[in-house]
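Overview (structure and organization)
Letter by letter, the chains look like this.
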Amino acid sequence: IHQCDRLRQWQPDEIELFEAVAAQVGIALAQGQLLAQETAHRKLLVQQNQDLGEATRAAEAASQAKSEFLAMMSHEIRTPMNAVIGTLDLIQTTPLNPQQDQYFNIIRNGSETLLKLLDDILDVSKIEAGKLQVEQHPFDLHTCIECVIALLAPKCVKKGLALKHFIDPGVPRYIEGDSHRLQQILTNLLSNAIKFTAVGQVSLRVIAHQPDPGSPSQDLQFMIQDTGIGISAEQQTNLFQAFSQVDTSITRKYGGTGLGLTISQQLAHLMGGQLWMESMGSIAGEPPTQWVPFSSTLLGQAALPSLASDIGPGATFYFTIATTATANPEPAPSLAQHVEINPESGLSGIQKPPVLLVEDNPVNQTVAQFMLKQLGYDFKIANNGVEAIEALRETKYALVLMDIEMPIMDGISATQAIRIEWQTPNYPYIIALTAYAMAGDRQRCLDAGMQDYITKPIRMQDLKTALQRGENSLSLKQDPLPSDPPPVAQEAAMILDQSIIDGFLQMAGPEMAAELLHELLEAYAEDVPQRMVAIEKAIAQSDAEALRQAAHALRSGSINLGAVQVGQLCRELEQMGKSGGTTGAQALYQQLPLAVGQAISALESTYQNLQLAVV
């Protein structure tokens, strides 16, 4: 404020007024500046939020794309991997010198490791994409656990470890849940415990918690405890992160990708539970608020006093799942279930004699392997009589499943050679596997030194009964042998005997049915062309014996899959070759491609229906 036309002496009251006005103007200016700054700040925040939203959406899209890429690549890589493993199976059927056999085992082990890695990556990609789901169905918890124990028991016996499991009396036997995913968690955690334990034992215990009295819902808590190398507090920091090991030396010494714990933790979450661990006084993971640790004393450690000085600090992993008890069709056991596997005595309670499967046909190998796994037997495969004798020289196999028709050395010749070399009439106990069921065939097998006889297609109950007779014979129990099989009835003019396929699928259960049928279908589709070529060549050369062998080989695999029409045509060709002639064989052979194609189409249709049922 200033007056320029004349001099003026401002009075004190005027100055006071001007100062008051100036103060108000200053306040107004300051408020204007603050408002301008706030407006700019708000615009900046809006822009930042927009940028953040776009960045978040971009990150989510990138994560989704990554997960979809991993899933796609896992599936794509599995296709050539299946071809590699399938080719290795074919190579295994050919004679290999010791150096080639060593190379073969390296490639086979590497292929199986890579396939396991692909499965883990696929699970991780499903988890990140939110597509990993669990099912709800009633199942037998005891059977579920015993399958895992039986699967891992040979590793413990080989390392000299004791493997124990306890199921407390309060745990329901029949529950609602996903048995496959539960087995996946148990297998991951128990495998890790066995891998990192050199001396001592690994134990599993299951207890139940009921959140609300009178409620059918229960939380099951699983504990996997070992006497291994332990995990320090520093090493526990990244334990549950994907692709993480406690230190880099672990991968070099023990192998693995570090995905197992991540997958197991996510599966526990999906099943309404948590996963955590304790070792060396530290805890990692997600223990429940009210969690009370089990006794710090190792289960059954008193049984290992001589090893106490060598036992490591160990680690204990826990996980829970939410479940519901279902109706129990059998009376519940009054005592806790307790099964032990001791390194000195092998498997206690679930141990069965090892089985040597002598079979050259890949389809029949797949069928027999699956049945032996279902029955809980450890086994090895030999592709002919020569390999069988070599296997018996390396390992004492108590039970032998012996095919009759095989290249290089057949089952009859192999059995006679075994009896001459070992000079023991009852050990090993040899069971004939054959597509023959004619009068006198059984006696021919017994005369060669075999003790039992099963005709193809192999039925689970027939195999179980024969193996049980073998076990009883080895323990000096005498079970009556089966009488001569009845004459084979003429097969009906059908493409596929669905009852045989249904038998396989029923054994496999709803979770594994499609996978089993896919394996059988692949093995059959790969085996048929070479059998067809062998039949055609035998007919062209008028070689009756070669025709008999080739037709028998195709018939053997076909009837085990229920391909009735193919089996009937092959039987006629086989009988023709057996009689010493090939006249009329060409007319029969011309019917084979159509019959084989119809059988494969019927099997593929059944497989597709199974896949649709799963979806």
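Notes on the structure follow. (Residues numbered from 1 in each chain as written. Predicted model: local features only at pLDDT ≥ 70, side-chain atom pairs only at ≥ 80, totals over all residues. Heavy atoms only, no water.)

What follows covers the sheet that holds strand β15 (residues 452-455). Reading across from one edge, β12-β11-β13-β14-β15 is the order of the five strands in this open sheet, with parallel pairing throughout. Of all the strands in the sheet, the pair left with one neighbour each is β12 (379-382) and β15. Averaged over all pairs of adjacent strands, the angle between their axes in this sheet comes to 20°, without regard to strand direction. Judged from the four bridges that link them, strand β11 (residues 355-358) and β12 form a sheet pairing that is parallel. Looking at the pairing, L356 lines up with K380 of β12. Running over the sheet, helix α7 (residues 362-374) touches β11, β12 and β13 (399-403) and is turned about 165° from β12. Packed onto the sheet, helix α8 (residues 385-394) meets β11, β12 and β13 and runs at close to 165° relative to β11. (Pairing = 2+ DSSP bridges. Helix = DSSP H or I, 4+ residues; strand = E, 2+ residues; numbered from the N terminus. Axes fitted to C-alpha atoms, helices over the stretch in contact; angles between N-to-C directions. Contact = heavy atoms within 4.5 Å.)

This paragraph deals with helix α6 (residues 260-270). Of all eleven residues that make up α6, eight are buried, and the element is covered over most of its length. G260, L261, T262, I263, S264, Q265, L267 and A268 are the residues of α6 that are buried. Just beyond α6, the residue with positive phi is G272, at close to 80°. (Buried < 20%, exposed > 50% of the residue type's maximum accessible area, 1.4 Å probe, protein only.)

Once that is clear, we can look at the packing of aromatic side chains. As enumerated under the stated definition, the model contains three aromatic pairs in all. A ring pair is formed by W10 and F18, whose centres lie 5.2 Å apart and whose planes are at 75°; its orientation type is edge-to-face. For F18, a relative accessible area of 25% puts it in the partly exposed group. Seen in terms of ring centroids, F222 and F319 are 4.6 Å apart; in terms of plane orientation they differ by 5°. Their pairing is stacked. Placement of F222 in strand β5 (residues 217-226) and of F319 in strand β8 (residues 316-325) is noted, with a sequence separation of 97 residues between them. (Phe/Tyr/Trp six-rings, centres within 6.5 Å; stacked < 30°, edge-to-face > 60°.)

Taken together, the buried positions of α8 are G385, A388, I389, A391 and L392. The buried residues of α8 occupy an angular sector of 160° when the element is viewed end-on, so they sit on one face. Exposed residues on α8 whose side chains face more than 90 degrees from its buried face are R393 and E394. In this structure, the buried residues of α8 make contact with β11, β12, β13 and α9 (411-422). A distance of 3.1 Å separates the backbone nitrogen of V386 from a side-chain oxygen at the start of α8, and that oxygen is part of N384. (Arc of directions from axis to C-beta. Polar contact = N/O pair within 3.5 Å; in protein donor to acceptor, adjacent residues only side chain to side chain.)

Here we take up the packing of α8 against α9. Close contact between α8 and α9 brings their axes to 9 Å; oriented N to C, the two are set at 25°. In this view, α8 runs roughly parallel relative to α9, as classed from their interaxial angle. The handedness of the crossing between α8 and α9 comes out as right-handed. Contacts between α8 and α9 involve G385, I389, L392 and R393 from the former and A414, A417, I418, E421 and W422 from the latter. Considering only residue class, the contact of α8 with α9 consists of six nonpolar, one polar and two charged. (Parallel < 35°, antiparallel > 145°, perpendicular 65-115°, else oblique. Left-handed = near helix turned anticlockwise from the far one by under 90°. Nonpolar A, V, L, I, M, F, W, Y, C, P; charged D, E, K, R; others polar.)

Before going further, it helps to spend a moment on the side chain of Q236. Within the secondary structure, Q236 is located in the loop between β5 and α5 (248-254). Sequence-distant contacts of Q236, defined by excluding residues within four places in its chain, comprise I231, M277, S279, S282, I283 and A284.

A word on the packing of helix α13 (residues 544-560) against helix α14 (residues 564-578). The geometry of α13 relative to α14 is characterised by a closest axis approach of 8 Å and an angle of 155° between their N-to-C directions. As far as their axial angle goes, α14 and α13 are roughly antiparallel. The element α13 and its partner α14 pack so that their crossing is left-handed. Mapping the contact onto sequence places A544, L547, R548, A551, H552, L554, R555, S558 and I559 in α13 and V566, G567, C570, R571, L573, E574, G577 and K578 in α14. Looking at the contact of α13 with α14 residue by residue, the classes come out as eight nonpolar, four polar and five charged.

Here we come to the pattern of salt bridges. A side chain of one charge can pair with a side chain of the opposite charge if their charged atoms are brought near each other. Across all of its chains, the model carries eight salt bridges by this definition. Between R205 and D168 there is a salt bridge, and its shortest N-O distance comes to 3.0 Å. Of the two residues, R205 is situated in strand β4 (residues 201-209) and D168 in the loop between β2 (162-167) and β3 (174-177); the sequence distance between them amounts to 37 residues. In this structure, R548 engages E545 in a salt bridge whose closest nitrogen and oxygen atoms are separated by 2.7 Å. Of the two residues, R548 and E545 are both situated in helix α13; the distance of three residues between them amounts to about one turn of the helix. Using a relative accessible area of 10% as the deciding quantity, one classes R548 as buried. We classify E545 as partly exposed; its relative accessible area is 37%. Within the structure, one salt-bridge network assembled from shared partners comprises E405, E545 and R548. (Salt bridge = Lys/Arg side-chain N within 4 Å of Asp/Glu carboxyl O.)

So, on to the nonpolar core. Core analysis: the largest hydrophobic core is formed by 60 residues, its most contacted members being L401, L463, L467, Y524, I535, V566 and L592. The greatest single-element share of this core, amounting to 15 residues, is contributed by helix α12 (residues 498-540). Discounting residues that sit within four places of it in the chain, Y524 has contacts with V363, G557, S558, L561, A563, V566, I600 and L603. Of all hydrophobic cores here, the second largest spans 41 residues; its members include L161, I167, L186 and F319. (Core = buried A, V, L, I, M, F, W, Y, C linked by side-chain atoms within 4.5 Å.)

Judged by side-chain charge, E515, E519, E522 and E526 come together as a negatively charged surface patch. For E519, the location among the structural elements is in helix α12. Judged by relative accessible area, E519 falls into the partly exposed class, the value being 37%. (Patch = residues over 30% accessible without salt bridge, like charges linked within 9 Å, V, L, I, M, F, W, Y side chains within 5 Å. Areas by Shrake-Rupley, 256 points an atom, 1.4 Å probe, with all protein chains shown as cover. Lys, Arg positive; Asp, Glu negative; His and termini not counted. Charge placed at Lys NZ, Arg CZ, Asp CG, Glu CD.)

Counting through the fold element by element, F379 comes out in strand β12. It is 8.0 Å that separates the C-alpha atoms of F379 and Q369, two residues lying ten residues apart in sequence. With residues up to four places along the chain from it excluded, the contact list for F379 reads V355, Q369, L372 and K373.

What follows concerns unusual backbone geometry. Despite not being glycine, I408 has its phi angle at roughly 70°, a positive value. By the element assignment, I408 lies in the loop between β13 and α9. Backbone geometry at S542 places phi at a positive 55°, although glycine is not the residue there. Within the fold, S542 resides in the loop between α12 and α13. S542 sits in the exposed class, given a relative accessible area of 52%.

Looking now at the pairing of strand β7 (residues 282-285). Here four bridges tie strand β6 (residues 275-279) to β7, and the two strands are oriented antiparallel to one another. Looking at β7, one finds that E278 is bridged to I283. In this structure, the hairpin formed by β6 and β7 is closed by a connection of two residues, where M280 is found at a positive phi of approximately 55°.

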